[in-house]
Every structure is written in structure tokens, then in C-alpha cells.
Amino acid sequence: MLYATKTALVILDDLLPWQKVNIAAFLAGGLAARHEIIGEPYRDGDGNAYAALIREPVFIYGADAAGLKRTHGRALSRSLEIAIYI
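Undergrad: How should the pattern of salt bridges be read in this particular structure?
TA: Two side chains with opposite charge may pair up if their charged atoms get near one another. If you walk through the whole model with that rule in mind, you get one salt bridge. Linking E81 and R34 is a salt bridge whose minimum nitrogen-to-oxygen distance equals 2.7 Å. One end of the pair, E81, is in the segment after helix 2 (65-77); the other, R34, is in helix 1 (residues 17-34), with 47 residues separating them in the sequence. Taking relative accessible area as the criterion, E81 reaches 44% and is therefore assigned partly exposed.

Undergrad: Just checking my understanding: could you explain the nonpolar core for this structure?
TA: Nonpolar side chains in soluble globular proteins tend to end up buried together. Membership of the largest hydrophobic core is limited to seven residues, which are L9, I11, I23, A24, L27, A28 and L31. Examining the composition of this core, we find that five residues originate from one element, helix 1, more than from any other. If near-sequence neighbours (up to four positions away) are discounted, L31 is found in contact with T7, L9, I37 and A83.

Undergrad: Could you clarify how one ought to interpret helix 1 in this entry?
TA: Since the α-helix packs 3.6 residues into each turn, any two residues three or four apart lie on the same face. Compared with the 26 Å implied by 1.5 Å per residue over 18 residues, the 26 Å span of helix 1 between its first and last C-alpha is a close match. Taken as a whole, helix 1 has its buried residues at I23, A24, L27, A28, L31 and A32. When helix 1 is viewed along its axis, its buried side chains cluster within an angular range of 160° and face the same direction. Exposed residues lying more than 90 degrees from the buried face of helix 1 are W18, A25 and A33.

Undergrad: I keep staring at unusual backbone geometry and nothing clicks. Help me out?
TA: As a rule of thumb, non-glycine residues mostly have phi less than zero, and peptide bonds are mostly trans rather than cis. The phi dihedral of S79 falls on the positive side, at around 55°, and the residue is not glycine. The exposed category is assigned to S79, whose relative accessible area is 67%.

Basis of the calculations
- Residues numbered from 1 in each chain as written.
- Predicted model: local features only at pLDDT ≥ 70, side-chain atom pairs only at ≥ 80, totals over all residues.
- Heavy atoms only, no water.
- Salt bridge = Lys/Arg side-chain N within 4 Å of Asp/Glu carboxyl O.
- Helix = DSSP H or I, 4+ residues; strand = E, 2+ residues; numbered from the N terminus.
- Buried < 20%, exposed > 50% of the residue type's maximum accessible area, 1.4 Å probe, protein only.
- Core = buried A, V, L, I, M, F, W, Y, C linked by side-chain atoms within 4.5 Å.
- Contact = heavy atoms within 4.5 Å.
- Expected span 1.5 Å × (residues − 1).
- Arc of directions from axis to C-beta.

So far we have only geometry, and geometry alone does not tell us how the molecule works.
Structure below.
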């Protein structure tokens, strides 16, 4: 399936694993709230209901401080709307 948009998260790679996951959740939540990328609620074959999820691919990358700065600059130069967690 092809998607019109994709979400990319770039997270500082020298953080503890729990910090990386926590930041990824905050960033994805912020982008999902800002952009209409939430799908429909799901119901399984037994009738159990589940919450809707982000409906497009989310790519998660790690980078050092220089890589984050470069990525930030590229996003700004392309006029992309970004979320940042400090």
C-alpha cells in the first residue's frame, strides 16, 4: 500500500532505551493530534473493540547531536511542520 504521507521520528541515539520509547510516544502523539493521521477504531472477530491507531508508517531513526541538527535544518528548509521534544 502506498501512503501519501509518512511520519519520521529522529531521536538522539545516546539516550536510555526507556527515554527513546517515551520520546517516540510523545512525538507520535503530537503529530497525530496535529495532522489527521488517525485511522478508524478496530473490532476483532470476537467483537472486542480497540482504539484507533496512526494509519500511516512511522519511521524511527537515531542520530547523534550533529545528525539531529542536520535533520532539523533540512525539515525547516523544506517547510515541513515538525514536533520537537526537549
